[in-house]
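This is what each chain is made of:
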Amino acid sequence: MDYTSYLDGDVLGCDSFPIFLFHGVIRKQKWNVRNRNRKHLELDYFTSVIKSLYNAGNPVSMDEIVWHHNHNEPLPDKSFAVTFDDGYRNNFDYAVDVLEKFGIPTTFYVATEFIAQNTSAYIDYVEYAYEVLDKDPEIINRRAMKSPCIPTTDVLRGEIDGLELTDKMTWEQVVQLSWTSLFTIGAHTHTHAILPMLNKREKEGEIFRPLWMLHQHGIVPKHFSYPEGKEDDFDDETISLLKSAGVVCCPTAIHGVNTHETDLFRLKRIGVK
Ligand SMILES: [Zn+2]
C-alpha cells in the first residue's frame, strides 16, 4: 500500500493530515501464527514506507499538531506524523536508526509496566501458545496462560528467536530516546488496560501512575494514547482525567485523517500494515 496517498491535503483544498500508527519493526517475519496481523513490520518494508513519506510529505511532531490546533492555524500541506504504541524494544533496535536517518519526529507511547517489568499483552502470550502448540505442547508455559503479568523473558526462555516480538525497551532506552530533540515519550497506561472497562479509581491509577513513573525518569509527559484506541476504548471520564493530569493530546486508533480543528483527544490514526 502506498501511504503517501494520505498526504493529499492540498488536493482536497483542506489541511487534512494523517498520523501514522506503528507498533514494531523486526528483521524478518518467520512465524505462522505470531505477528499474523503484521503489528511488527519487516525492517525493509518499514524503511521503504518512511522513505516514501519523507520524499512526499512534511513530517511534524505531535507537539506541532497541538500548537496548530491551539493557534487555529492549518498545518503545512502534506504534513504527517509518526507514532509508535506500546514500547517494544525493536523500536529502539531497528526503527530509531531509520527515523533518525530521515529526520522524522516520532512519539513513542509506552505502557510503563511493559517497560518496568518487560511484560506483554495477553494476546501475545496466546499467539505464542498457538505457535508452539504444533511443535511441542510441552513448551507452553502454563504460568504464562494463568498470569499475563509475568516477565516475557520467563515465558520465552529457550526460544530466543521470538523475543523481538515481545521484548520491551528498558528504562535506560526510553530515557535515551527522550533526550533527543527528534523523539517524544508519551504514556499508554500502566498495564495496557482498556480504560472504559475500569471504575474511576482504577482509571486514575492507569493514567496518573505511568505519568508519575515517566516523571521519575526525568521525562515530563504531556502525551498519551489509548490502548486499543477504538470507539469503545475511551470515554468522556477518561478524557477529563487525562486533561486534569496535564495531558494535552491523546490520539485514538480510529482509522482516518485529521484537520487542525480536530479534537486533540479524538485524533484519528492510520495503522500501517
Ligand atoms: Zn497498545
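Please read these numbers as outputs of a predicted model, since none were measured by experiment. (Residues numbered from 1 in each chain as written. Predicted model: local features only at pLDDT ≥ 70, side-chain atom pairs only at ≥ 80, totals over all residues. Heavy atoms only, no water.)

Notes on the overall build of the chain
When helices and strands are tallied, the chain shows 11 helices and 8 strands. Burial analysis of the chain (273 residues in total) assigns 55% to the buried set. Pairs at least 24 residues apart make up 70% of the contacts formed inside the chain by residues separated by at least 6 positions. Of the roughly 12400 Å² of accessible surface on the chain, 50% is carried by carbon and sulfur atoms. (Helix = DSSP H or I, 4+ residues; strand = E, 2+ residues; numbered from the N terminus. Buried < 20%, exposed > 50% of the residue type's maximum accessible area, 1.4 Å probe, protein only. Contact = heavy atoms within 4.5 Å. Areas by Shrake-Rupley, 256 points an atom, 1.4 Å probe, with all protein chains shown as cover.)

Looking at the pattern of salt bridges
This model, assessed by the stated rule, comprises 8 salt bridges. In this structure, Glu 237 and Lys 203 form a salt bridge, with 2.7 Å as the shortest nitrogen-oxygen distance. Placement of Glu 237 in helix α11 (residues 236-244) and of Lys 203 in helix α10 (residues 200-216) is noted, with a sequence separation of 34 residues between them. The exposure class assigned to Lys 203 is buried, which follows from its relative accessible area of 2%. (Salt bridge = Lys/Arg side-chain N within 4 Å of Asp/Glu carboxyl O.)

Structural notes on the side chain of Arg 269
Relative to the helices and strands, Arg 269 is located in the loop between α11 and β8 (270-271). For Arg 269, the contacting residues outside a window of four places in its chain are Ile 19, Leu 21, Thr 83, Asp 85, Tyr 109, Ser 225, Pro 251, Thr 252, Ala 253, Ile 254, His 255 and Gly 256.

Thoughts on helix α2 (residues 43-56)
Compared with the 20 Å implied by 1.5 Å per residue over 14 residues, the 20 Å span of α2 between its first and last C-alpha is a close match. What α2 keeps buried is the set Leu 43, Phe 46, Val 49, Ile 50 and Leu 53. Looking straight down α2, one finds that the buried residues subtend no more than 130° of arc, so they occupy a single side. Across from the buried face of α2, at angles greater than 90 degrees, the exposed residues are Asp 44 and Asn 55. (Expected span 1.5 Å × (residues − 1). Arc of directions from axis to C-beta.)

Description of the packing of aromatic side chains
By the definition in use, this model includes 11 aromatic pairs. Relative to Phe 46, the ring of Phe 22 lies with its centre 5.2 Å away and its plane at 85°, an arrangement referred to as edge-to-face. You can see Phe 22 sitting in strand β1 (residues 19-22) and its partner Phe 46 sitting in helix α2, a full 24 residues away along the chain. No difference in accessibility class separates Phe 22 from Phe 46, as the two residues are buried. (Phe/Tyr/Trp six-rings, centres within 6.5 Å; stacked < 30°, edge-to-face > 60°.)

Here's the deal with the nonpolar core
Judged by nonpolar contacts, the single largest core of 64 residues is most densely connected at Phe 22, Phe 46, Ile 65 and Leu 99. Of all the elements, helix α4 (residues 89-102) adds the most residues to this core, at 7 residues. Here Ile 65 is in contact with Phe 17, Ile 19, Val 60, Leu 75, Ala 81, Leu 264 and Leu 267, once residues within four sequence places are set aside. (Core = buried A, V, L, I, M, F, W, Y, C linked by side-chain atoms within 4.5 Å.)

What about the pairing of strand β5 (residues 79-86)?
Of all the 8 residues making up β5, 8 are buried; the element is thus mostly covered by neighbouring parts of the structure. In the sheet, strand β4 (residues 58-59) pairs with β5 via 2 bridges, with the strands oriented parallel. Counted as the bridge partner of Asn 58 is Ser 79 from β5. Note that the unit made of β4, helix α3 (residues 62-70) and β5 has a crossover that is right-handed. Sheet topology note: the β5/strand β6 (residues 106-110) ladder contains 5 bridges and is parallel. Residue pairing across strands places Thr 83 opposite Thr 107, the latter belonging to β6. Each parallel crossover has a hand, and the one from β5 via α4 to β6 is right-handed. (Pairing = 2+ DSSP bridges. Right-handed = clockwise from strand over helix to strand, strands pointing away.)

Some remarks on unusual backbone geometry
Positioned with a positive phi, Asn 72 is a non-glycine residue whose angle comes to about 50°. Within the fold, Asn 72 resides in the loop between α3 and β5. The class for Asn 72 is exposed, based on a relative accessible area of 53%. Phi at Lys 78 takes a positive value of approximately 60°, unusual for a residue other than glycine. Within the element layout of this structure, Lys 78 appears in the loop between α3 and β5. By relative accessible area, Lys 78 is classed as partly exposed at 30%.

That is the geometry; function is a separate question.
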